[in-house]
Amino acid sequence: MLSINRTYFYLFCGLFISLFISPFIFMIFDELILALMFFLGILDMLYNRNWKKYKILLAGTGILTFYMFYSVFAYSYNVPKAIIKDFIIWMKPVIAFGITYAIMPEFSRAQKQIIRVISGGLCLLGFGLYFTPLFWVTLFHEYYLGSLFLCTAVVFLITADNDEKYVLGRNLKKIVLILLAGLVCGRSKYFGSVVVLLFMIYVYRPGIFSKMTLKNGLIVFALFAGVIVVAWEKIKFYFITGGDPTSVFDEDLMVTVARPMLYVAGVLVLWDHFLLGSGLASFATSPSSTDINYSNLYYEYGLDNVWGLSPSYDSFISDTFYPALAQFGMVGVVLFIYVWVWFGQKLRLVIRKNGIVPFIVGVSIITLLLIDSIAAPGIINSFGEMLMAVMGIVLAPVRNISKEEAKEISHRPLEQETSYWRSVRTI
C-alpha cells in the first residue's frame, strides 16, 4: 500500500536536490518532481477521499486555470503554447505549498538526519565546484549557488527543530557556517539575506516588532541598515545611477536599463489592463520571450527596442518577479498581498502552538522570497518552489485549528518561547 507520508519524503528530497540539478544539468527535474507531487495529491483525493484538506491547492489551481483561459480568449498577446507553459510555471509554487500543506508531512528522526546529510552534501558540492570549471556546467551562475546555500540553511533549521536543546544549539552554529560559506557567491542580494537570517537566529525575540520601544526600534533600524549597506552597490547600480547605454558597450551596465524598464512598463501594463491584467505569457516571464514566442505586448510599449528585452536579445525579460504581477491585474496583486498576510496570520498561531523555530523559519522564508523577487524570478523558480514546500511544512500543523481555538491560541503569552530561544542560541 502506498504511504503518502513516506512517498512525500522521497519527493521532498528530490525537490531539494533539484536546487543543484535544475539550473543546468537537467532543467525540468524540478518540474518532474512537482508533477509527481501533484499526482500524489490526486491519488490521495481519489482513493482516500481527502478533498477538503486540498482546498488551498484546488483554489490556486482554479484561479490559474481561469487566467489561462482568460489569456487565450481575452487578449491573446501570445500563442497558446506559451500561455500553457506560463501556467505551468506559476503552478509550481502552488503545488509545492498546496501539496505539502495538505499532506502535513511528519518526518522521523532518521528522515530528518537524511535531509541534513543531503544539506551538507549539497553545500560541499556547490562550494567545491565553484572553484573549478565544472561550476559552469552544473550550477552555472552565482545566483544558483547563493540560492542553494540559503535553502540549505532554512531546511537545516526546520529539520533541526524538535531536537534536544543542546543539539539544536550546535545545529545553529552549523547553519551559520553554511551561510558564511555561501558568501563566496559574491551576490549582494545574498549578503542581505544572510543579514536577515542571522538577525532571526541571534537577535530576534517575540514581540520585537509589536512592542516598538526605543531599544527595539534601534534594533529594527540596524537590521534594515545592515541589509541596505551590504546590498548598496547593487541597489545603486541597478536602480539609481545605472549606466549610460550610449557609452562603450558593457553588458552589466546595459542590464541597469533593462530591469528598471521592466518595472516602469509593469506599472503601465497594470494601469492599462487594470482589473485582470494582460494575461499569462504576456509580460516579464520566460514564456513571453523568444524561448517560445515573443509577446506582442512588448511592441506596444516600445520594449522591443531595449537591449536585453528585444527580440534579438531578450535574456533579461524574466530577470525580476514583481513586474510579472501585471499579467494578473489588480485582482492578482490583491491576491498576492492576501497570501502573504494569510501566511503571517498563520505564523502567529505557529509560534504559540509549535514553537519559535518553525516561526523563525516561516518569517525567514517570507523575507527571503520578497528580497529575492526584486531582481530574480524568485517565487516561481526552484529556489521559490523549495521554500514554499518548507512553508507548507511550517504551516500545516495549524491547518485544522478552528476560529475559536485560533482566537484562544493567539492570546497565549510568549515568555516561555522567548526564554527557550534565548537559552538555545547561547549554547
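Residues numbered from 1 in each chain as written. Predicted model: local features only at pLDDT ≥ 70, side-chain atom pairs only at ≥ 80, totals over all residues. Heavy atoms only, no water.

The next thing to look at is the packing of aromatic side chains. In total, this model carries 39 aromatic pairs according to the counting rule given. Between Phe 66 and Tyr 67, the aromatic rings sit 5.5 Å apart at their centres with planes inclined by 80 degrees, giving edge-to-face as the arrangement. Residue classification places Phe 66 among the partly exposed positions, given a relative accessible area of 46%. Here Tyr 130 and Phe 135 contribute two aromatic rings whose centre-to-centre distance is 5.2 Å and whose plane-to-plane angle is 85 degrees, an arrangement assigned as edge-to-face. Overall, Tyr 130 belongs to the partly exposed group, its relative accessible area being 24%. The exposure class of Phe 135 is buried, given its relative accessible area of 0%. (Phe/Tyr/Trp six-rings, centres within 6.5 Å; stacked < 30°, edge-to-face > 60°. Buried < 20%, exposed > 50% of the residue type's maximum accessible area, 1.4 Å probe, protein only.)

Helix length check: helix 14 (residues 382-395), at 14 residues, gives a terminal C-alpha distance of 20 Å against a target of 20 Å (1.5 Å per residue), a fit within 8%. Summarising burial for helix 14: 14 of the 14 residues are buried, a large majority. Residue Asn 381 occupies the N-cap position of helix 14, its side-chain oxygen lying 3.1 Å from the main-chain nitrogen of Phe 383. (Helix = DSSP H or I, 4+ residues; strand = E, 2+ residues; numbered from the N terminus. Expected span 1.5 Å × (residues − 1). Polar contact = N/O pair within 3.5 Å; in protein donor to acceptor, adjacent residues only side chain to side chain.)

This paragraph deals with the confidence of the model for the protein. A residue-level look at the protein finds 85% of positions with pLDDT of 70 or above and a mean pLDDT of 87. Of all helices and strands in the protein, the one with the weakest mean pLDDT is helix 9 (residues 214-240) (60), whereas helix 4 (residues 80-103) scores best (97). Across residues 242-251, confidence stays below pLDDT 50; counting only partners more than four residues off in sequence or on other chains, it has 14 contacts. (pLDDT = per-residue confidence, 0-100. Contact = heavy atoms within 4.5 Å.)

A few words now on the environment of Ser 410. Considering the arrangement of structural elements, one finds Ser 410 in the loop between helix 15 (403-409) and helix 16 (415-424). Judged by its relative accessible area of 19%, Ser 410 is buried. C-alpha of Ser 410 to C-alpha of Arg 352: the two residues are 58 residues apart in sequence and 7.1 Å apart in space. Not counting residues up to four positions away in its chain, the partners in contact with Ser 410 are Arg 348, Leu 349 and Arg 352.

In terms of nonpolar packing, the biggest core is built from 132 residues, with Phe 12, Phe 283, Val 390 and Leu 395 touching the most fellow members. The contacts of Val 390, once residues within four sequence positions are left out, are Phe 12, Val 154, Val 155, Ile 158, Val 361 and Ile 365. (Core = buried A, V, L, I, M, F, W, Y, C linked by side-chain atoms within 4.5 Å.)

Below, the discussion takes up the side chain of Ser 22. Counting through the fold element by element, Ser 22 comes out in the loop between helix 1 (4-21) and helix 2 (29-48). Accessibility expressed as a relative area gives 7% for Ser 22, which makes it buried. In this view, Ser 22 contacts Met 27, Phe 29 and Asp 30; residues no more than four positions away in its chain are not counted.

Relative to the 26 Å expected for 18 residues at 1.5 Å per residue, helix 1 spans 25 Å between its end C-alpha atoms, a close match to the ideal helical length. Within helix 1, 13 of the 18 residues are buried, which leaves it mostly tucked inside the rest of the structure.

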